Amino acid sequence: MNDQGTAADSAAAVTVPEAVAALGEPGGPAPVGGRGAALAPVALVVAGGLSVQFGSAVAVLLMPRAGALGVVTLRLAVAALVLLVVCRPKLRGHSRADWGTVLAFGVAMGGMNTLFYQAADRIPLGAAVTLEVLGPLALSVFASRRLVNVVWAALALGGVLLLSGGGFDRLDPVGAAYALGAGVMWAAYIIFSARTGRRFPQADGLAMAMVVAAVLSLPLGIMEAGSRLLVPSTLGLGAAVALLSSVLPYTLELMALRRMPAPTFAILMSLEPAIAATAGFLILDQALSTTDALAIALVIGASMGAVRSQVRGRRKAAGG
């Protein structure tokens, strides 16, 4: 799914107190503050989506220098270093289940990034995210206990397919397969991000999972890019991608998943293709048609509907 911030901004973000949100659960205790508090996690998701997609657009520009795998390695390695410095996670006092959750989160994160950048190296950014978002949409259907969420997911899927322009048959099949695989990893990322947020304070679990993802990607990046990873300009762009596409969005999403149900979060992920198409238009000169604009409107409408359903559900729960 992402807003360039400073290290201080990141530090402030990761010190937000933990709330509880479980996959398929009603999101734990509703935050105090009514409608504004209920919409706060939505703002976190949107901010994260903006950051990650504009970071992905910058990453596409970086690929000719370092290759797709080299970009992934730079992104995850720099992000891991930043999070370790900012969070200073405690390594003691965790159970075997805690470490298993972090490991699974890191594998999902590394797999999602590696597969997505392989896709973006072969097919347009908007198409890659369009296919990738099918994973979270499927998760929202399977995990939701409410029929209305299925309706909003179906509407979002319609917008996502419309955004493709019916042109999936013209895409590189290998690139499309990578994007679909990234979608599976994205669904796993949502599940284990929520679990990590419940098991670890602040962003400690995220920092440790990022290290796992970086270690897994490092051999692949070195094999593809080698010494090109150490070129100062490449390192600088890689750091920008890491902040935009990993540090900020993953922290914001971890905070959001502590405050909203995972099915609602998954539906909001359908905003990513719209953001990606906008980023592609502004940075990569990839045109937006009238059909694209209509598709984006459908996706936004579905996301707004999902959020309104969440707000109403919390009001009923509070009233009951």
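The present account deals with the structure reproduced in this document. (Residues numbered from 1 in each chain as written. Predicted model: local features only at pLDDT ≥ 70, side-chain atom pairs only at ≥ 80, totals over all residues. Heavy atoms only, no water.)

## So, the overall build of the protein
Part 1: Of regular secondary structure, the protein possesses 12 helices and 0 strands.
Part 2: Mapped from its N terminus to its C terminus, the protein presents α and β elements in the order α-α-α-α-α-α-α-α-α-α-α-α.
Part 3: Expressed as a percentage of the 320 residues in the protein, the buried residues total 54%. (Helix = DSSP H or I, 4+ residues; strand = E, 2+ residues; numbered from the N terminus. Buried < 20%, exposed > 50% of the residue type's maximum accessible area, 1.4 Å probe, protein only.)

## Digging into the pattern of salt bridges
Part 1: According to the stated counting rule, one finds 1 salt bridge in the structure shown.
Part 2: The residue Asp98 makes a salt bridge to Arg199 at a minimum N-O spacing of 2.7 Å. Residue Asp98 is found in helix H3 (residues 96-120), and its partner Arg199 is found in helix H7 (residues 173-199); the two are separated by 101 residues along the sequence.
Part 3: Accessibility expressed as a relative area gives 9% for Asp98, which makes it buried. (Salt bridge = Lys/Arg side-chain N within 4 Å of Asp/Glu carboxyl O.)

## A closer look at helix H8 (residues 204-225)
Part 1: Here H8 spans 30 Å end to end across 22 residues, near enough to the 32 Å set by a 1.5 Å rise per residue.
Part 2: The axis of H8 is deflected most strongly, by about 35 degrees, at Ser217, and proline Pro219 appears within four residues downstream.
Part 3: Two residues or fewer after H8 comes Gly226, characterised by a positive phi angle close to 60 degrees. (Expected span 1.5 Å × (residues − 1). Bend = angle between axes of the 7 residues up to and from the residue.)

## A few points about the packing of aromatic side chains
Part 1: Using the criterion set out here, one finds 3 aromatic pairs in the structure.
Part 2: Taken together, a centroid distance of 5.5 Å and an interplanar angle of 40 degrees make the contact between Phe105 and Tyr189 tilted. Placement of Phe105 in helix H3 and of Tyr189 in helix H7 is noted, with a sequence separation of 84 residues between them. For the pair Phe105 and Tyr189, a shared accessibility class is recorded, and that class is buried.
Part 3: Relative to Tyr250, the ring of Tyr189 lies with its centre 5.3 Å away and its plane at 45 degrees, an arrangement referred to as tilted. Of this pair, Tyr189 sits in helix H7 while Tyr250 sits in helix H9 (residues 232-257), and the two are 61 residues apart along the sequence. Taken individually, Tyr189 and Tyr250 each receive the classification buried, so the pair is uniform in this respect. (Phe/Tyr/Trp six-rings, centres within 6.5 Å; stacked < 30°, edge-to-face > 60°.)

## Considering the packing of helix H5 (residues 134-143) against H7
Part 1: Orientation of H5 relative to H7, taken along the N-to-C sense of each, is 50 degrees, at an axis distance of 7 Å. For the element pair H5 / H7, the angle class is oblique. Read as a crossing pair, H5 and H7 show a hand that is right-handed. On H7, the residues touching Leu134, Gly135, Pro136 and Leu139 of H5 are Leu180, Gly183, Trp186, Ala187, Ile190 and Ile191.
Part 2: Along the lines of polarity and charge, the residues of the contact of H5 with H7 split into 8 nonpolar, 2 polar and no charged. (Axes fitted to C-alpha atoms, helices over the stretch in contact; angles between N-to-C directions. Parallel < 35°, antiparallel > 145°, perpendicular 65-115°, else oblique. Left-handed = near helix turned anticlockwise from the far one by under 90°. Contact = heavy atoms within 4.5 Å. Nonpolar A, V, L, I, M, F, W, Y, C, P; charged D, E, K, R; others polar.)

## Remarks on the side chain of Thr196
Part 1: Relative to the elements of secondary structure, Thr196 occurs in helix H7.
Part 2: Residue classification places Thr196 among the buried positions, given a relative accessible area of 1%.
Part 3: Within the structure, Thr196 has its side chain in polar contact with the backbone oxygen of Phe192 (distance 2.7 Å).
Part 4: Look past the residues within four positions of Thr196 in its chain and what remains in contact with it is Thr101, Phe105, Gly205 and Leu206. (Polar contact = N/O pair within 3.5 Å; in protein donor to acceptor, adjacent residues only side chain to side chain.)

## As for the nonpolar core
Part 1: Tyr117, Ile190, Leu206 and Met210 are the most contacted members of the largest nonpolar core, which totals 84 residues.
Part 2: Broken down by element, this core gets its largest block of residues, 19 residues, from helix H2 (residues 34-87).
Part 3: In this structure Ile190 touches Pro136, Leu139, Leu257, Ala262, Phe265, Ala266 and Met269, once residues within four positions along its chain are discounted. (Core = buried A, V, L, I, M, F, W, Y, C linked by side-chain atoms within 4.5 Å.)

## What about the environment of Met269?
Part 1: Within the secondary structure layout, Met269 lies in the loop between helix H10 (262-268) and helix H11 (271-284).
Part 2: Sequence separation between Met269 and Ser140 is 129 residues; the distance between their C-alpha atoms is 9.8 Å.

## Some words on H9
Part 1: A rise of 1.5 Å per residue sets the reference length of H9, with its 26 residues, at 38 Å; its end C-alpha atoms lie 36 Å apart and thus fit the reference within 8%.
Part 2: Residue Leu243 marks the point of greatest curvature in H9, where the axis turns by about 35 degrees.

## Regarding the packing of H3 against H9
Part 1: The N-to-C vectors of H3 and H9 enclose an angle of 140 degrees; their axes lie 14 Å apart at closest approach. What the angle tells us is that H3 and H9 run oblique. The chirality of how H3 crosses H9 is right-handed. The segment H3 lies against H9, with Met109, Met112, Asn113 and Tyr117 engaging Val241, Ser245 and Tyr250.
Part 2: Considering only residue class, the contact of H3 with H9 consists of 5 nonpolar, 2 polar and no charged.

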